[in-house]
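# Overview (structure and organization)
Listed here are the chains, written in short residue letters.
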Amino acid sequence: MVTDTASVMRIIEAGEREATVLEQGAIQVMIDDDGGMIPLLAGFHNGGAINAHWLPWFRSYSGKKYNDAEHGAFWKADLLYHIAGNFPCIPNFGPGEIIDGVTMPPHGWSANQKWLFIAKGVDEASGAAWALSAMESPDKAMPLFLKKIDAVIPGDPVHYTSITVKNNGAVDIPINAGFHNSLGAPFLQPGCRISGAAERWATPPLGGEFDTTTRLVPGTEFPSLDRAPLEKGGKVDISLVPGPIGYTDFASGVIPHRSILGWSALVNPMLKLIYICFFTGPLAAAEDDIVLRFNDLWMQYGGRRFTPWAPYDGAADLTYCLGTENAIAAYACGLKYSRMAGTVLGAPTTVSIPAGGEKTIRYGSLFAPYEGSVPDEGIRSIIPEERRLVITGISGESRAFSADSAFTVLKAIAARS
């Protein structure tokens, strides 16, 4: 087991972006202040390091602040100007809109505004390296305050994050919340396998961003990833990652209410690497937990023949990535739609932050090498045990990875911050 000490430092990364770097012997993580973007989550493998996260070809490195008059024609939105890897989506999961008189950006303020770095350190009790940052809603009509802790723990190949959402207003506020884990080459390759805790799946209804890019039947349910209905007839196994095929699809799966742990995963059997997102499940949730109820797959395999995905409108889409996202939201249709829908596949699509109260989301992103063939064909289940996650493959065989699935260390750091 890796026991290297953990460290934290502040840097200026490409594009003059201020960032925090967390490291220990198994993993490197770089978190930008801008939108909480995580362009780098690297693991060590065969003597080298490999990044799991998506780094878009169109990401701006000019160092200039986004200006709609100058940049809007190509990038369309500030979010796409600086998007990369994983990022938190609060209080919106989906397109920009006006809601409650508030102009809400795509995927919320947490993905667009600059996080205020407050402090960093190494926890004496656990040896974990951590960083604390915060963000206040820019609109008093939705008076939310966010406090974020990022951490790595010696021995765990995991980036841990907690975000506490406080409502400083006099009325309850229903919100979306999620993490937009986006994986790219060189980790993402044809032949990778997608798995999730969900047992039932659905595609979003017509009227959204996937209408003209999808190969799947819109607005339909299906029982498993290997039986997704094609619009041209027949079914396709979307758990098997193809190469760029000229389509961009989205599917949501509901996490069973009996789940102690929510999770999604991508396995690369050629490189023998595994990426797992894990979070508190509905059955284990406390009153102050934000529970993510859906696995969301954003399958960006080349269906967007318009900027910034393509170099010009009508050109081939140059963008190949996969979102193994997890959220409480109605598909990726936005907060307004989520409030109206109420439920999808029987699960709630918003979480209410009580007036004067707060709730917290805790999340882990694990990236590690493995030996043998246990997860090669995908993952059947992930069971949390003390200080580890036990993975059972399709074959029925199991293996374990070191992880604090109960977020004990993260909770302790938050209580002292």
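Before going into details, it helps to say that this report is about the structure given with it.

Basis of the calculations
Residues numbered from 1 in each chain as written. Predicted model: local features only at pLDDT ≥ 70, side-chain atom pairs only at ≥ 80, totals over all residues. Heavy atoms only, no water. Salt bridge = Lys/Arg side-chain N within 4 Å of Asp/Glu carboxyl O. Helix = DSSP H or I, 4+ residues; strand = E, 2+ residues; numbered from the N terminus. Buried < 20%, exposed > 50% of the residue type's maximum accessible area, 1.4 Å probe, protein only. Contact = heavy atoms within 4.5 Å. Core = buried A, V, L, I, M, F, W, Y, C linked by side-chain atoms within 4.5 Å.

### Quick word on the pattern of salt bridges
Under the counting rule described, the total for this entry stands at 18 salt bridges. Note that Asp100 and Arg339 form a salt bridge whose closest N and O atoms lie 2.7 Å from each other. Of the two residues, Asp100 sits in the loop between strand 7 (97-99) and strand 8 (102-104) while Arg339 sits in helix 3 (residues 335-341), which places them 239 residues apart along the sequence. A relative accessible area of 51% places Asp100 in the exposed class. Across the salt bridge formed by Arg193 and Glu377, the nearest N and O atoms sit 3.8 Å from each other. Highlighted residues: Arg193 in strand 16 (residues 193-196) and Glu377 in the loop between strand 29 (358-369) and strand 30 (379-385), separated in sequence by 184 residues. Among the residues examined, Arg193 registers a relative accessible area of 15% and is labelled buried. Each member of the salt-bridge network shares a partner with another, and the members are Glu13, Asp32 and Arg59.

### As for the environment of Pro375
Looking at the element boundaries, Pro375 is found in the loop between strand 29 and strand 30. The sequence separation of Pro375 and Ala6 amounts to 369 residues, and the corresponding C-alpha distance is 28 Å. Filtering out sequence-adjacent residues up to four positions away, Pro375 remains in contact with Val267, Ile274 and Tyr370.

### Some thoughts on the nonpolar core
Core analysis: the largest hydrophobic core is formed by 93 residues, its most contacted members being Phe278 and Leu366. Ranked by residues supplied to this core, first place goes to strand 23 (residues 273-280) with seven residues. If you look at the next biggest cluster of nonpolar residues, it comprises 29 residues, including Phe58, Ile83, Ala111 and Trp298.

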